[in-house]
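Residue-level structure breakdown
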Amino acid sequence: MPKTTVSIIKADVGSIPGHVKVPRILLDMAERKMLHAKESGLINSYYVFNAGDDLELLMTHSRGESNEDIHRLAWETFMECAAKAKELKLYGAGQDLLVDAFSGNVKGMGPGVAEIEFQERGSDPLIVFAADKTEPSAFNYLMYRVFADPCNTSGLVIDPRMTCGFSFEVLDAKHSRSVVLRAPEELHSLLALIGTTERYMVKRVYRNSDNEVAASLSTTKLAYIAGKYVGKDDPVCLVRAQSGFPSVGEVTSPLLHPYLVAGWMRGSHWGPFYPVALRNSQCTLFDGPPRLIGLGIQVSNGKLVEDDEGKPIVVDLFDDPAFDLARREALELAAHLRRQGIFQPARLSAEAMEYTTLPQCLKELESRFKEE
Ligand code: F6R
Ligand code: MG
Ligand code: MG
């Protein structure tokens, strides 16, 4: 049995109004492109959705990670949708497509990517997270709770297949290097890194007993690629669940309460991560709060499990009153932070603001300062 690859590739190609939401016309266009790719045998199945103003292409295939044909398909889909967005004068048309020509892999070209290749088990549940108005390290806390906190994931204590723990591959975005740390043995060192969300981001998680990949996250830093602020990186994340991985419920339970992530308005503020149903996948309030979509899927014989009409069966995990408390608490946190306006700590640190449009404003004041 060949291995199966799940790929999610996303980009902001234009939205309405402002940076709120991908319109249906672009989603339909992307769907047609995906259907064509499925019919031609390039991919086995797909699901198109949006996280706020980001167009998300979820695909399954048997071509492995970083495959040129799959990445080209995503790139061409984004280019076509961006052309339509330009024609309609949608906002930020083509925003995340930072280069003119495709060169083998969308990494470094603007779009975000998370991919997992694995040998299918008897049954293979996965959770797909997609966020808008935040950055990849927004998932650091979630990954820690799911894969290293036994008070969240009781399987780390109770399930003999998981007591071995998990290893985290952590990217140092500042120096473009990475390190693998093993939990629970090196938990404190791990937290010393990933607690610094401005610099370190979890890239992948592996099960210690057999090195099976358990999670994969996008780590695109648009500002580093473009050399200027072009919006936050709006990450995606794939997590394998059950039978020796954390259960679906262990993966979602850290979201019983909200936590703060960087991004929100102008990528410049702390805001509560706001788990919402797909129908609420739009960033309306102060361009946020940073929204989190969680979709439950299963993979079978290289495809997303489908109904009799060939439509993938996708469970919208946050479309559930169980997350009402998180949403209410998130709005309370949002209200506190918004009362504090542009003042720190509601606004990001000076160092993080280096990657926003603030330095342009400060530059104009430079000549007016006098020595004290
Ligand atoms: C955040 C984001 C928005 C914009 C804001 C200003 O990632 O994309 O919050 O930064 O709406 O956008 P412009 O400068 O395009 O008017
Ligand atoms: Mg946008
Ligand atoms: Mg976005």
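It should be noted that the structure appears before, not after, this text.
What comes next is a walk through the structure. (Residues numbered from 1 in each chain as written. Chains lettered and ligands numbered in written order. Predicted model: local features only at pLDDT ≥ 70, side-chain atom pairs only at ≥ 80, totals over all residues.)

Of regular secondary structure, the protein chain possesses ten helices and 16 strands. Relative to the 2.2 N^0.38 estimate, which gives 21 Å for 372 residues, the radius of gyration of the protein chain is 20 Å and therefore close to what a compact globule would have. Along the first, second and third principal axes, the C-alpha set of the protein chain runs to 70 × 50 × 40 Å. In the protein chain, buried positions account for 47% of the 372 residues. Taking all contacts inside the protein chain whose residues are at least 6 apart in sequence as the whole, residues at least 24 apart take part in 70%. (Helix = DSSP H or I, 4+ residues; strand = E, 2+ residues; numbered from the N terminus. Rg over C-alpha atoms; globule rule 2.2 N^0.38 Å. Buried ≥ 20, exposed ≤ 12 C-beta atoms within 10 Å, placed from the backbone. Contact = placed C-beta atoms within 7 Å.)

Packing of helix α3 (residues 140-148) against helix α5 (residues 187-194) brings their axes to within 11 Å, and their N-to-C directions diverge by 165 degrees. Regarding the angle of α3 to α5, the classification is roughly antiparallel. As α3 runs across α5, the sense of the crossing is right-handed. Contact with α3, carried on its side by Asn140, Tyr144 and Ala148, involves Leu187, Leu190, Leu191 and Ile194 of α5 and no other residues of that element. (Axes fitted to C-alpha atoms, helices over the stretch in contact; angles between N-to-C directions. Parallel < 35°, antiparallel > 145°, perpendicular 65-115°, else oblique. Left-handed = near helix turned anticlockwise from the far one by under 90°.)

For the rest of this paragraph, the subject is the sheet that holds strand β1 (residues 4-11). The strand order across the open sheet formed by four strands is β2-β3-β1-β4, and the pairing between neighbours is antiparallel. What marks the edges here is a single partner per strand, and that holds for β2 (45-51) and β4 (112-118). Adjacent strand axes in the sheet meet at a mean angle of 10 degrees when their direction is disregarded. Taken together, the seven bridges between β1 and β4 define a ladder with antiparallel strand orientation. Paired with Lys10 across the bridge in β4 is Gly112. Helix α1 (residues 24-39) contacts β2 and β3 (54-61) of the sheet and is inclined by roughly 165 degrees relative to β2. (Pairing = 2+ DSSP bridges.)

This next bit is on the nonpolar core. In terms of nonpolar packing, the biggest core is built from 98 residues, with Val13, Leu57, Val128, Phe129, Met143 and Leu238 touching the most fellow members. At eight residues, helix α2 (residues 68-87) tops the list of elements feeding residues into this core. Every residue in contact with Phe129, bar those within four places of it in the chain, is listed here: Phe139, Val236, Cys237, Leu292, Ile293 and Gly294. (Core = buried A, V, L, I, M, F, W, Y, C linked by C-beta atoms within 7 Å.)

Along the polypeptide, His19 turns up in the loop between β1 and α1. Considering only alpha carbons, one finds His19 and Gly288, 269 residues apart in sequence, at a separation of 9.5 Å. With sequence-adjacent residues up to four places away left out, His19 is seen in contact with Asp53, Tyr91, Gly92, Cys283 and Asp287.

Another aspect to go through is the pairing of strand β9 (residues 213-217). A regular strand carries its side chains on alternate faces of the sheet. Burial of β9 is extensive: four of the five residues sit out of reach of the surface. In the sheet, strand β8 (residues 200-207) pairs with β9 via three bridges, with the strands oriented antiparallel. Looking at β9, one finds that Arg204 is bridged to Ser216. Note that β9 and strand β10 (residues 236-240) share three bridges and pair antiparallel. Within β10, the position partnered with Ser216 by the bridge is Leu238.

Turning to the packing of α1 against α2, a few remarks are in order. The contact between α1 and α2 brings their axes to 10 Å, and the two run at 150 degrees. For the element pair α1 / α2, the angle class is roughly antiparallel. Two packed elements cross with a definite hand, and for α1 against α2 that hand is right-handed. The segment α1 lies against α2, with Ile25, Leu26, Met29, Ala30, Lys33 and Ala37 engaging Leu73, Thr77, Glu80, Cys81, Lys84 and Ala85. When grouped by side-chain class, the residues that make up the contact of α1 with α2 number eight nonpolar, one polar and three charged. (Nonpolar A, V, L, I, M, F, W, Y, C, P; charged D, E, K, R; others polar.)

This part is about unusual backbone geometry. As a rule of thumb, non-glycine residues mostly have phi less than zero, and peptide bonds are mostly trans rather than cis. Cis rather than trans, the peptide bond between Ile16 and Pro17 has omega equal to -20 degrees. By the secondary structure assignment, Pro17 is in the loop between β1 and α1. The residue after Ala183, namely Pro184, is reached through a cis peptide bond having omega 10 degrees. As for its placement among the helices and strands, Pro184 is situated in the loop between β7 (177-182) and α5. The residue Gln242 is not glycine, and still its phi comes out positive at about 75 degrees. Of note, Gln242 is situated in the loop between β10 and α7 (248-252). Positive phi, close to 45 degrees, is recorded for Ser243, a residue that is not glycine.

This paragraph deals with α1. Counted at 1.5 Å a residue, the expected span for α1 with its 16 residues is 22 Å, and the 22 Å between its end C-alpha atoms agrees. Listing the buried residues of α1 in full gives Leu26, Met29, Ala30, Lys33, Met34 and Ala37. Along α1, the residues classed as buried sweep out an arc of 135 degrees about the axis, all on the same side. Facing away from the buried side of α1 by over 90 degrees, the exposed positions are Arg24, Arg32 and Glu39. Looking at the buried positions of α1, the neighbouring elements they touch are β2, β3 and α2. Downstream of α1 by a residue or two, Gly41 has a phi angle that is positive, lying close to 90 degrees. (Expected span 1.5 Å × (residues − 1). Arc of directions from axis to C-beta.)

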